[in-house]
Structure formats: C-alpha cells, structure tokens
Amino acid sequence: MLSTVSAPRLRIAPSPTGDPHVGLAYITLFNYVLAKKFGGKLILRIEDTDQERSKASSEELIMESLRWLGLSWDEGPDVGGPFGPYKQSERKAIYRTYVDKLLSSGKAYPCFCSNARLSEVRQEQRAKGLTTGYDRHCRALKEGERAALLGQSTAYTIRLAVPLGGSTTIRDELRGPIEFTNEMIDDQILLKSDGMPTYHLANVVDDHLMEITHVIRAEEWISSTAKHKLLYQAFGWQEPQFIHMPILRNEDKSKISKRKNPVSLNYYRRKGILPKTMLNFLALMGWSYSADNEIFTLEQMIEKFQLRDIHLGGPVFDLVKLGRLNQHYLQQLSPDEFAEFVRAEIFSTDFLKSLHPLVKDRLEVFEQFVDRNSFFFNGALDYSALVIVPKGKEAGEFNEGMAELLLLLDDLYLWSEAELHTLMENHRAKLSWKSKDYFMPVRLIISGRPDSPPLAASMALIGREMVRFRLRDYLKKNSHI
RNA sequence: GUCCCUAUCGUCUAGCCUGGCCCAGGACACCGCCCUUUCACGGCGGCGACGGGGGUUCAAAUCCCCCUGGGGACGCCA
C-alpha cells in the first residue's frame, strides 16, 4: 500500500480563517503518525488564497495549537525548508505560470461570466432539478471573440476544460477506486479574477512541487478529487495517494460544526484537556489501538498504526467520553506536572493579567477573587437558583431573543470587547427590549451572577466558544418548558 | 434534485480483507452492588448492537445484489 522506495512526504494544509479547529488536529494527527511511522516528513502549508477571509493572526494560532498538541512539522512557513515558500499567498507567480501552461495546451480557458450570470444559471439548474455547474458558456467562445474579450476585460477567471465524455476514476487507499462520469465534473475555476488560485489549483501544484506522496484529508474532499486527478493528468504529473478520513460528527451525526459543538482547540485547551488526551481521543475516531485497550500514547499509535485499520463510519465527537479520558490522564499526573499544568493552562499569567482590569476595583481582599470570578474558569453554570427571564417578558420571546444572539455571536468576525458591545447594543435596539431586560439576563447566563465585571469585556475574555456554549446550555435547559 | 461515501450496543469501537473459535469482545454513558463518615476514584455485576430483504455456502456480522437509514459534495470557501 505504501511505497517503501522512498520516505513519504505528507502535508497539512490549513486555511487560516478562524480558530484552530479540532478537525485540523484530527487530520494532522493521522498525517503525523503516517509520516513518523515511515520516517517521512510532515509539511505545513498555509492555504491563504482567500484574501477576504484569511487572517494572519489565525495562522499563528494554528501553529500554536498544533505545537500545544505536540504535533510538529519538518517544513513550514516558520521553520522553512527546501520547497518554500510555504504560504500560498507568496506563491502567486508560480500558479500563474502553471495556469499559462494549461492555457496554451487548451486544457484551460478564460471565463468572462459575471457572478450574477453564474448564480442565474445555477438557480435555473436547481429549479429544473439538474446538477448545478458551469454551463461552459465561455468555453464555446470563438477565438476571435475570446481575444476581443481578453483585450477589454481586466477581471476574468480561468477554468479547467474538463473532458466532455468518458469518466475519471480516482483511487482512495481506504475505499478503492471511485468513478465519476466526466459530465458530473464542473469546469472548475482555477484562477480567480483577483489572480489568486483556487484551492484546487494551488493544492495540486503545491502537492506536486513539494513532492507530496500521500494526501490525508477529510472525506468531504472525495468529490473534488476527480478534479484534482484531471489536473494531474493535464499537467502530466503523477498524483499522490489519497486517503480520506471520515468526517467528525456532531451528536446529531451532521458534520461537526461550531453551531452545534465547540470545535476550537483553544476551547478544549482552556477547559483543561491535556494534549495527550486530545491526541488519544482523536486517534479513537476511526481507529483503535486494540480490542481491549483504548489508552495509548502517540508513540504507541505510531508503532501500531496501519492505514487499513481505519474505520470509515463517521464518528461522533463525544464530549462526555473526552472528559472521562481526560480524567484518566489527570489521575496519572505527578505533583509537579499537576502544578505546572494548572499554572500554565488554568491560571496562566497572561490570563490573570487580562483579568486584572476587570477585577481589581471590585476586590477588598484576595480571598474574594476565586469565588466571585469562578465563571472565568468554569464550564457549564448552574442557573437553577436564578431568575433569568425578565419580569413581564414571555419565556418564549426571551428565549428566541437569546437564540438570535447565539447566532449573531457565531457570525461576529472579530471577537473583542468593542465589537461585542456594539453587537449587543444593536441587537437590543432591534428587539427594542429595555437595557436591563437584555443585559442583566445575558450577564446571568454568561457569568451566573448579577455582580460580575463589565459584560462585554468579560465575554471577550471568556471566549467565543464558552460564551456560546453557555447560551446554548441555558437554552437547552430552559427552552422546552 | 444529481453524484459520491458510509452502515456492529445510545456513543467510540473489536471482529469483516483471509466465512465456522461470535447465541458478537472492550470502552464511555446508564443501572445495581461492594469499598467509603461525604463526593469522587476503584472493584464487581447488569442493561445493551450485527438496519431490512434476497442470494452464495454445509456454515455469513463477515462474500454478492437490492432497499432503507446516515453523511458529504455540487462557491471566483477551503
């Protein structure tokens, strides 16, 4: 299954668009294990081709989270390597030259269609119950027309000219051959009108140039793999082996999402999950160490790992089991490790410093600190002794307002005190609730007490996932009455 | 809607490739008992699954087909 000729080269290719995701840790783990097992290399490549959504801050967070887990890489933007640069935004010129090759061999063509026309076409297809995809309008252009448009348009895209007949069969190392009729494959955009490549192009070009031998990624990529294979063929390149891991699921079996589940690695870190717990737990998602033992180290996993032992059913990310596993590992901690862990992860100096402005004026003596501010460190809160729904307001209406807030918080781009303040004030105004009918209940849900420090600042510190978790938790406990 | 993937206890899974050792094993959760001045930990026990239907075979959780369920993809996102 694995070529033993040379050491494998694997890569992880996160897109820096938000908090580091458990899905990334999951995929990284398996890439890491396979690389280590066969003495290969793991490459970190930042896929920041989406200029709208990519954030430099997210890049650092991603690396920090992976380091926390103890999953290291051999080549990447921070450590360098012989195949750099390792950030796609810095490889723009490279992609352009490869697109030109495709253009001159007729394997790709420029497309001048506007977004408006594209969505119109899509809508029409959907209405007719057809598969949606580009109608190849610009592929049919005559040479003269094309030249003319090229002369006057500044913004156009480049699309892959997918063969009109036949089929493309990809091979997944876990599933075997998977066949796609070429009719079903869209003339994928390779180069966006801003000159940046799309994932499909950048990914294939980079995997080739970086000599990647095995691509381990999530199952959601299977259908795109046909496009990738076509690209490899168009370039005349040997494709890597593809391994698609099952997708992590929410409790309801849908693809894991922040709407329904905490997905940020930072959330779990702050919650006090140990790296080895997370690794052990993630390994159990689709793989097992043995029939009667599920506690094992990364090293043991590397030793025993076999691709063929991966189970393809989509595993539910079970918080209860994660917690129990962590308890086991916590029990094993030595006094030194215990002290170090609490100091580094729970009462970290950085966190205490950021708490300082919120709590300093409210304290007479330090003994009040822990009790009054426990909600900064806790998980779920107990609301049973609190009256949260404001007087004169229907529980139903109130809960709807809170559910709406939950969604707004999810969409908030920048998680900061100022942004939170504005968001809530706007939401309150939109609902036209009185200030005290809005802010006090939210305060109670978030902090569990009426005398907590300023709300927006507290929320900023507690973090998006915990804030959303508490709102969700409150609604879960109270909305079905 | 179209295409693709997938299917063992509520959940994570072992077993499936190489059919009999499986009236299906482990773990989490749950229930009970023991330990214990509390709560936990720990120990012991219990509940609990091969989605359905057809084949193939002396024999099927294991191989094949159909159905059904679940999921994913169908973006100038990755």
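Residues numbered from 1 in each chain as written. Chains lettered and ligands numbered in written order. Predicted model: local features only at pLDDT ≥ 70, side-chain atom pairs only at ≥ 80, totals over all residues. Heavy atoms only, no water.

When helices and strands are tallied, chain A shows 19 helices and nine strands. Oriented by its inertia axes, the alpha-carbon framework of chain A measures out at about 80 × 55 × 40 Å. Within chain A, the fraction of its 481 residues that count as buried is 49%. Counting only carbon and sulfur atoms, one obtains 52% of the accessible surface of chain A, whose full area is about 23500 Å². Treating the 63 positive side-chain charges of chain A as one cloud and the 62 negative ones as another, the clouds have centres 2 Å apart. (Helix = DSSP H or I, 4+ residues; strand = E, 2+ residues; numbered from the N terminus. Buried < 20%, exposed > 50% of the residue type's maximum accessible area, 1.4 Å probe, protein only. Areas by Shrake-Rupley, 256 points an atom, 1.4 Å probe, with all protein chains shown as cover. Lys, Arg positive; Asp, Glu negative; His and termini not counted. Charge placed at Lys NZ, Arg CZ, Asp CG, Glu CD.)

What follows is about helix 15 (residues 395-411). Spanning 17 residues, helix 15 covers 25 Å between terminal C-alpha atoms, matching the ideal 24 Å at 1.5 Å per step. Of the residues making up helix 15, those classed as buried are F398, N399, G401, M402, L405, L406, L409 and D410. The secondary structure elements touched by the buried residues of helix 15 are helix 16 (417-431), helix 17 (435-447), helix 18 (455-462) and helix 19 (464-478). (Expected span 1.5 Å × (residues − 1). Contact = heavy atoms within 4.5 Å.)

This paragraph deals with the protein's contact with RNA strand B. Lining the immediate environment of RNA strand B, one finds 53 residues, of which G129, K192, E219, G286 and E294 sit closest. In RNA strand B, the atoms that sit within 4 Å of the protein are 82% sugar and phosphate, with bases accounting for the remainder. Take R53: an N or O atom from its side chain is 2.9 Å from a sugar or linking oxygen of RNA strand B. Between a phosphate oxygen of RNA strand B and a side-chain N or O atom of R324, the distance comes to 2.9 Å. The element that contributes the greatest number of residues to the surface near RNA strand B is helix 11 (residues 319-332), accounting for five residues. Residues of the surface near RNA strand B, tallied by class, amount to 17 nonpolar, 18 polar and 18 charged. (Near = heavy atom within 4 Å. Polar contact = N/O pair within 3.5 Å; in protein donor to acceptor, adjacent residues only side chain to side chain. Nonpolar A, V, L, I, M, F, W, Y, C, P; charged D, E, K, R; others polar.)

For the second largest pocket, the calculated volume is near 460 Å³. What lines the second largest pocket is a set of 19 residues, and nearest its centre among them are E251, K260, N261, L319 and K476. Only helix 8 (265-271), helix 11 and helix 19 provide two or more residues apiece to the lining of the second largest pocket. The dominant element in the lining of the second largest pocket, judged by the number of residues it contributes, is helix 19, at four residues. (1 Å grid on protein atoms, 1.4 Å probe; cavity = no way out; pocket = protein on both sides within 12 Å on 5 of 7 lines; lining within 4 Å. Points joined across faces, edges and corners; volume = space filled by probe spheres on them.)

As a further point, take helix 1 (residues 22-37). Because each turn of an α-helix spans 3.6 residues, side chains separated by three or four positions end up pointing in the same direction. Helix length check: helix 1, at 16 residues, gives a terminal C-alpha distance of 22 Å against a target of 22 Å (1.5 Å per residue), a fit within 8%. With respect to burial, helix 1 is a largely interior element, 14 of its 16 residues being buried. Once helix 1 finishes, G39 follows within two positions and takes phi at roughly 60°, a positive value.

For the rest of this paragraph, the subject is the packing of aromatic side chains. All chains considered together, the criterion is met by 23 aromatic pairs. Through a chain of ring-to-ring contacts, three or more aromatic side chains come together here, namely Y26, F30, W287, Y289, F296 and F305. One residue, K271, lies across the ring of F469, its end atom 5.8 Å from the ring centre. (Phe/Tyr/Trp six-rings, centres within 6.5 Å; stacked < 30°, edge-to-face > 60°. Lys NZ or Arg CZ within 6 Å of the ring centre and 35° of its normal.)

The subject of this paragraph is the nonpolar core. Core analysis: the largest hydrophobic core is formed by 97 residues, its most contacted members being L29, F30, F317 and M402. Leave out the neighbours within four places in its chain, and L29 touches L71, L279, L282, A283, L298 and M301. Residues V162, I185, L201 and L231 belong to the second largest nonpolar core, which totals 33 residues. (Core = buried A, V, L, I, M, F, W, Y, C linked by side-chain atoms within 4.5 Å.)

With that settled, consider the domain arrangement of chain A. Per the domain assignment, the segments of chain A are domain 1 (9-77 + 248-327), domain 2 (91-239) and domain 3 (360-477). Here the C-alpha centre of domain 2 lies 29 Å away from the C-alpha centre of domain 1. Here domain 1 and domain 2 share an interface that buries about 1800 Å² over both sides, 55% of which is from carbon and sulfur atoms. On the domain 1 side of the contact with domain 2, R9, R11 and T49 bury the most area, a combined 35% of that side's loss. Taken together, the connections running from domain 1 to domain 2 amount to four salt bridges. Of the charged contacts, one joins K255 and E220 as a salt bridge, the two residues approaching to 2.6 Å between their closest N and O atoms. If you look at where domain 1 meets domain 2, you find 10 residue pairs in polar contact (both at pLDDT 80 or more). The set of elements that each furnish at least two residues to the side of domain 1 that touches domain 2 consists of strand 1 (9-12) and helix 1. Per-element accounting of the side of domain 1 that touches domain 2 gives the leading share, four residues, to helix 1. (Domains from an automatic or database assignment. Buried area = accessible area lost by both parts, 1.4 Å probe. Salt bridge = Lys/Arg side-chain N within 4 Å of Asp/Glu carboxyl O.)

As a further point, take the sheet that holds strand 4 (residues 157-160). The pairing of strands in a sheet happens through backbone hydrogen bonds and is either parallel or antiparallel. The sheet built from three strands is open, its strands ordered 3-4-7 with antiparallel pairing. Two strands bound the open sheet, and with one partner strand each, they are strand 3 (108-111) and strand 7 (189-191). Taken over all neighbouring pairs, the strand axes of this sheet differ in orientation by 45° on average, direction set aside. Two elements, strand 4 and strand 7, share two bridges in a ladder whose sense is antiparallel. From the neighbouring strand, R159 faces strand 7, where its bridge partner is I189. Taken strand by strand, helix 3 (residues 92-104) contacts strand 3, strand 4 and strand 7, and its axis lies near 105° from that of strand 3. (Pairing = 2+ DSSP bridges. Axes fitted to C-alpha atoms, helices over the stretch in contact; angles between N-to-C directions.)

We now examine the pairing of strand 9 (residues 241-245). Burial of strand 9 is extensive: five of the five residues sit out of reach of the surface. Neither face of strand 9 is exposed, since Q241, I243 and M245 on one face and F242 and H244 on the opposite face are all buried. Pairing of strand 8 (residues 214-218) with strand 9 involves five bridges; the strand directions are parallel. Looking across to strand 9, one finds that H214 is bridged to Q241. With respect to chirality, the unit in which strand 8 leads through helix 7 (residues 222-235) into the neighbouring parallel strand 9 is right-handed. (Right-handed = clockwise from strand over helix to strand, strands pointing away.)

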